[in-house]
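Given next are the chains, with one letter for each unit.
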Number of protein chains: 2
Amino acid sequence: MGSKIAVLGAGMIGTSWAAIFAQAGHDIVLYDCNTKQIDQGINSVVKNLNDLHKYGLVKKNSKPSKNIQGTSSLSDALTGAVYAQESVFEDLETKISFYKEIDSVIDSNTIVGSSSSSLIASAFTEKLSCSHRCLVVHPVNPPHLIPLVEIVPKPSTNKSVTSSVKGLMLNIGMDPIVLSREIDGFILNRLQGALLNEAFYLLENGIASAEDIDKTLSKGLGRRWAFMGPFETLDLNAPEGIIDYCNRYSSLYLELAKQFEKPKLWDSTVVEKLSVTMKNKYPNRDFDQRQKLRDRRLAALAAHLADDNKI
Amino acid sequence: MGSKIAVLGAGMIGTSWAAIFAQAGHDIVLYDCNTKQIDQGINSVVKNLNDLHKYGLVKKNSKPSKNIQGTSSLSDALTGAVYAQESVFEDLETKISFYKEIDSVIDSNTIVGSSSSSLIASAFTEKLSCSHRCLVVHPVNPPHLIPLVEIVPKPSTNKSVTSSVKGLMLNIGMDPIVLSREIDGFILNRLQGALLNEAFYLLENGIASAEDIDKTLSKGLGRRWAFMGPFETLDLNAPEGIIDYCNRYSSLYLELAKQFEKPKLWDSTVVEKLSVTMKNKYPNRDFDQRQKLRDRRLAALAAHLADDNKI
């Protein structure tokens with residue numbers, strides 16, 4: 001504890017990560033190439049930390065660190081850091097060039113996790129001298145309010161690096177999963193994408209309104225999935241458990257899958273309509289307010305679900 | 001209020017429905033052809049009602065009814081009922097023969113909603129004289145703790161019947177959605193099925209463990225979906241809203257969809273392994289206990305999410 005963590009990129013994801021590391025007692029150096037962004041970023045970290053305190057989400061027995069520095073020097077950020085969490089813009093060229101910079105100044109032991117939500121680390125870290133200490137450590141937005149982290153090592157990532165990162169994530173109170181190998185979209189966005197493709201299909205074919213499709217999750221399916229995964233849900237949904245469930249329903253699900261059309265890009269007219277739906281639903285609420293409301297709800301939900309006395 | 005509701009089938013779904021109607025003030029007749037099931041069923045209804053009270057889930061300003069009768073006479077159950085909720089075993093032949101019985105004794109105005117989770121009402125009610133008063137009214141398990149209801153009218157269902165049922169559902173505190181037309185699996189199971197197919201694919205290919213795939217929902221994706229649908233989630237996940245999100249990511253999701261293999265039945269070896277995983281995860285907890293724990297969590301979650309003062 002108290003080790004130095006470099007948070008690279010002071011945007012929404014980076015400043016959320018910084019709050020998680022700080023609440024667990026780590027000293028933070030927040031790097032951004034844009035100096036204006038650094039000051040704003042430090043303010044965001046403090047705000048995120050306050051939210052964690054307010055909702056009782058600070059890890060038990062931890063002593064939050066107040067040592068949160070900003071810098072526009074990548075070398076200063078990385079020197080002496082045990083771990084760096086990279087959260088720069090998700091674009092292949094941007095990542096490739098930024099990792100070259102990292103490689104030129106990084107210490108010989110520092111591990112680098114990328115917040116990349118879809119690009120695999122092999123695509124932008126493979127030729128570096130720090131290559132075997134690089135991997136994806138993908139959080140959910142916003143990271144400080146949703147505990148899941150996807151750890152996706154490259155074939156060339158040292159095994160000890162992967163297990164160190166898993167340990168670090170557990171230590172700061174996150175819930176890490178480890179993928180056995182790299183795959184586009186990892187687990188989370190593959191699962192989300194499968195559901196979204198079906199949701200777009202239903203909307204485009206006029207089966208239900210966007211609002212009703214959203215409600216199917218927010219008032220239905222999402223209630224179980226908030227605390228129980230899809231397999232465990234099936235296991236409790238038939239008298240004799242998951243084998244019984246699959247015997248009853250797997251052929252139904254096969255039929256549904258067969259009806260699904262060939263994959264295609266989401267229809268742009270449908271996307272435009274969705275945008276109008278959202279604007280009509282929230283005519284007087286700006287984007288920023290809606291995100292804040294979402295975050296308050298997520299924070300309260302995390303606190304609620306973490307407390308077994310609530311049931 | 002106070003109208004008679006016939007609940008047909010005293011199993012898990014029927015007794016959950018009965019509690020919902022009773023808490024909203026309706027008089028209940030619970031029908032089952034098995035007389036033993038009726039007594040057990042009444043006990044379950046009372047237990048479910050107690051749970052609704054305990055968790056503060058009784059609809060505001062409603063006077064719960066204590067008039068809950070059981071009967072093994074379908075005619076007694078249906079006579080004078082404004083609405084019948086059918087929840088018998090989900091099997092086409094069973095439904096066809098049961099609806100013939102219903103048709104022979106039903107009043108001329110009673111509406112019949114089926115709890116069918118996948119069979120469309122056209123498949124088992126089309127030739128009846130009450131046909132135009134039949135439709136699917138599909139809840140989520142367990143209905144009294146999850147508010148969503150899918151209303152799926154047949155082409156031949158009277159429009160006034162569909163709107164009456166929607167009104168009734170709103171009136172008892174449920175959250176109904178109305179499909180524009182019949183489609184296998186409706187909305188909920190189509191969305192669930194799409195995600196499950198991808199989850200089975202990832203498991204079968206050894207990308208992650210069943211426990212980690214479950215965690216991706218319970219500690220990640222499911223947190224947002226517990227109160228916000230998939231479209232609204234996208235709208236808040238890019239700086240300029242859903243069009244911006246789709247511009248950034250729709251081609252990624254298309255690539256993921258293309259990688260997905262041809263639909264096939266879930267692999268039976270994988271299903272067996274899943275069963276073992278669940279048994280290992282809960283060696284000392286029996287099925288009944290786990291379902292009760294799930295239901296307490298769902299009840300607490302419903303109460304939590306219904307209270308805007310919590311955020």
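All figures in this text were calculated on a predicted structure; none of them were measured in a lab.

A.B. asks: Would you take a moment to explain the interface of chain B and chain A for this structure?
C.D. replies: Interfaces are frequently sized by the accessible area removed from exposure as the parts join. Counting from both sides, the interface comprises 113 residues of chain B and, opposite them, 113 residues of chain A. Between chain B and chain A, a total of about 11,000 Å² is buried, with carbon and sulfur atoms accounting for 68% of that surface. A per-residue breakdown of the area chain B buries against chain A is headed by Phe231(B), Arg297(B) and Ile311(B), which together make up 8% of the total. There are 12 salt bridges connecting chain B and chain A. When the shortest N-O distance is used, the salt bridge between Arg297(A) and Asp308(B) registers 3.3 Å. Across the chain B-chain A interface, the total number found is 46 residue pairs in polar contact (both at pLDDT 80 or more). Only strand E8 (175-178), helix H7 (188-204), helix H8 (210-225), helix H9 (230-235), helix H10 (242-259), helix H11 (268-281) and helix H12 (287-306) of chain B provide two or more residues apiece to the side of chain B that touches chain A.

A.B. asks: Even after reading the chapter, I still don't get the packing of aromatic side chains, so can you show me in this structure?
C.D. replies: For any two aromatic rings, the description comes down to two numbers: the centre-to-centre distance and the angle of the planes. Taken as a whole and assessed by the stated rule, the structure comprises 19 aromatic pairs over all chains. Judged by centre distance (5.5 Å) and plane angle (20°), the ring pair of Trp17(A) and Phe21(A) falls under stacked. With Trp17(A) and Phe21(A) both in helix H1 (residues 12-23), this residue pair falls four residues apart, about one helical turn. With respect to burial, Trp17(A) and Phe21(A) carry one shared label: buried. Aromatic side chains Phe200(A) and Phe231(B) sit 5.3 Å apart centroid to centroid with 80° between the ring planes, which places their arrangement in the edge-to-face category. Here Phe200(A) is found in helix H7 (residues 188-204), whereas its partner Phe231(B) is found in helix H9 on a different chain. One aromatic cluster is present, formed by Phe200(A), Trp266(A), Phe231(B), Tyr245(B), Tyr249(B) and Tyr253(B) through successive ring pairs.

A.B. asks: Looking at this structure, I do not really get the sheet that holds strand E5 (residues 111-114) of chain B. What am I missing?
C.D. replies: Sheets are built from strands paired through backbone hydrogen bonds, the pairs being either parallel or antiparallel. Residues and elements named next belong to chain B. A sheet is described by the order of its strands in space; here eight strands give the open sequence E3-E2-E1-E4-E5-E6-E7-E8, paired in mixed fashion. Each edge of the open sheet is held by one strand with a lone partner, namely strand E3 (68-71) and E8. Geometrically, the sheet is characterised by an average inter-axis angle of 25° between neighbouring strands, direction not taken into account. Pairing geometry for strand E6 (residues 134-139) and strand E7 (residues 148-153), over five bridges, is antiparallel. Bridge pairing links Pro139 to Val149 in E7.

A.B. asks: Before we go on, may I ask you to explain the relation of the copies chain B and chain A in this structure?
C.D. replies: Superposition of the two copies of the chain requires a rotation about an axis together with a shift along that axis. Taken as rigid bodies, chain B and chain A are interconverted by a rotation of 180° and an axial shift of 0.0 Å, the fit giving an RMSD of 0.0 Å. Put plainly, the chains are arranged around a two-fold axis. The share of interface residues of chain B whose copies in chain A are also at the interface is 100%, consistent with both copies meeting through the same surface.

A.B. asks: In this structure, what is going on with the sheet that holds strand E5 (residues 111-114) of chain A? I would like to understand it.
C.D. replies: All names here are of chain A. Pairing is mixed across the open sheet formed by eight strands, whose spatial order is E3-E2-E1-E4-E5-E6-E7-E8. The open sheet has two free edges, formed respectively by strand E3 (68-71) and strand E8 (175-178), since each of these has just one partner strand. Adjacent strand axes in the sheet meet at a mean angle of 25° when their direction is disregarded. Strand direction decides the pairing type here: strand E7 (residues 148-153) and E8, joined by four bridges, are parallel. Along E8, the bridge assignment pairs Ile151 with Val178. Contacting strand E4 (83-86), E5, strand E6 (134-139), E7 and E8, helix H6 (residues 159-171) runs over the sheet at an angle of about 170° to E7.

A.B. asks: Would you mind going over the pattern of salt bridges with me for this structure?
C.D. replies: Opposite charge on two side chains allows them to pair when their charged atoms are near. This model, assessed by the stated rule, comprises 28 salt bridges over all chains. The partner of Lys215(B) in a salt bridge is Asp175(A), and the shortest N-O contact between them spans 3.7 Å. You can see Lys215(B) sitting in helix H8 and its partner Asp175(A) sitting in strand E8, one on each of two chains. Owing to a relative accessible area of 23%, Lys215(B) belongs among the partly exposed residues under this scheme. Salt-bridge contacts for Asp295(A) lead to Arg294(A); the nearest nitrogen and oxygen are separated by 3.0 Å. For Arg294(A), a relative accessible area of 3% gives the class buried. Shared partners join several salt bridges into a network, and the residues in it are Asp175(A), Lys215(B) and Lys219(B).

A.B. asks: I would appreciate a short explanation of H10(B) in the present structure.
C.D. replies: Every α-helix carries 3.6 residues per turn, so stepping three or four residues along brings you back to the same face. Between the first and last C-alpha of H10(B) there are 24 Å, a value that for 18 residues agrees with the 26 Å anticipated at 1.5 Å per step. Along H10(B), the helix axis deviates most sharply at Tyr249(B), where the bend reaches about 50°. Taken as a whole, H10(B) has its buried residues at Ile242(B), Asp244(B), Tyr245(B), Cys246(B), Tyr249(B), Ser250(B), Leu252(B), Tyr253(B), Leu254(B), Leu256(B) and Ala257(B). Against the buried residues of H10(B) lie H7 and helix H11 (268-281) of chain A together with H9 of chain B.

A.B. asks: Please clarify how the domain arrangement of chain A should be interpreted in this entry.
C.D. replies: Residue and element names in this part refer to chain A. Examined at the domain level, chain A breaks down into domain 1 (4-178) and domain 2 (188-310). Just the C-alpha atoms count here: the centres of domain 1 and domain 2 sit 29 Å apart. Residue-level contacts link 11 residues of domain 1 with 10 residues of domain 2. Contact with domain 2 buries area across many residues of domain 1, yet Tyr55, Leu57 and Leu145 alone supply 47% of it, more than any other trio. Joining domain 1 to domain 2, the criterion identifies zero salt bridges. Viewed at the interface, domain 2 and domain 1 are joined by two residue pairs in polar contact (both at pLDDT 80 or more).

Reading guide: rules and limits
Residues numbered from 1 in each chain as written. Chains lettered and ligands numbered in written order. Predicted model: local features only at pLDDT ≥ 70, side-chain atom pairs only at ≥ 80, totals over all residues. Heavy atoms only, no water. Contact = heavy atoms within 4.5 Å. Buried area = accessible area lost by both parts, 1.4 Å probe. Salt bridge = Lys/Arg side-chain N within 4 Å of Asp/Glu carboxyl O. Polar contact = N/O pair within 3.5 Å; in protein donor to acceptor, adjacent residues only side chain to side chain. Helix = DSSP H or I, 4+ residues; strand = E, 2+ residues; numbered from the N terminus. Phe/Tyr/Trp six-rings, centres within 6.5 Å; stacked < 30°, edge-to-face > 60°. Buried < 20%, exposed > 50% of the residue type's maximum accessible area, 1.4 Å probe, protein only. Pairing = 2+ DSSP bridges. Axes fitted to C-alpha atoms, helices over the stretch in contact; angles between N-to-C directions. Least-squares fit on C-alpha atoms with pLDDT ≥ 70 in both. Expected span 1.5 Å × (residues − 1). Bend = angle between axes of the 7 residues up to and from the residue. Domains from an automatic or database assignment.

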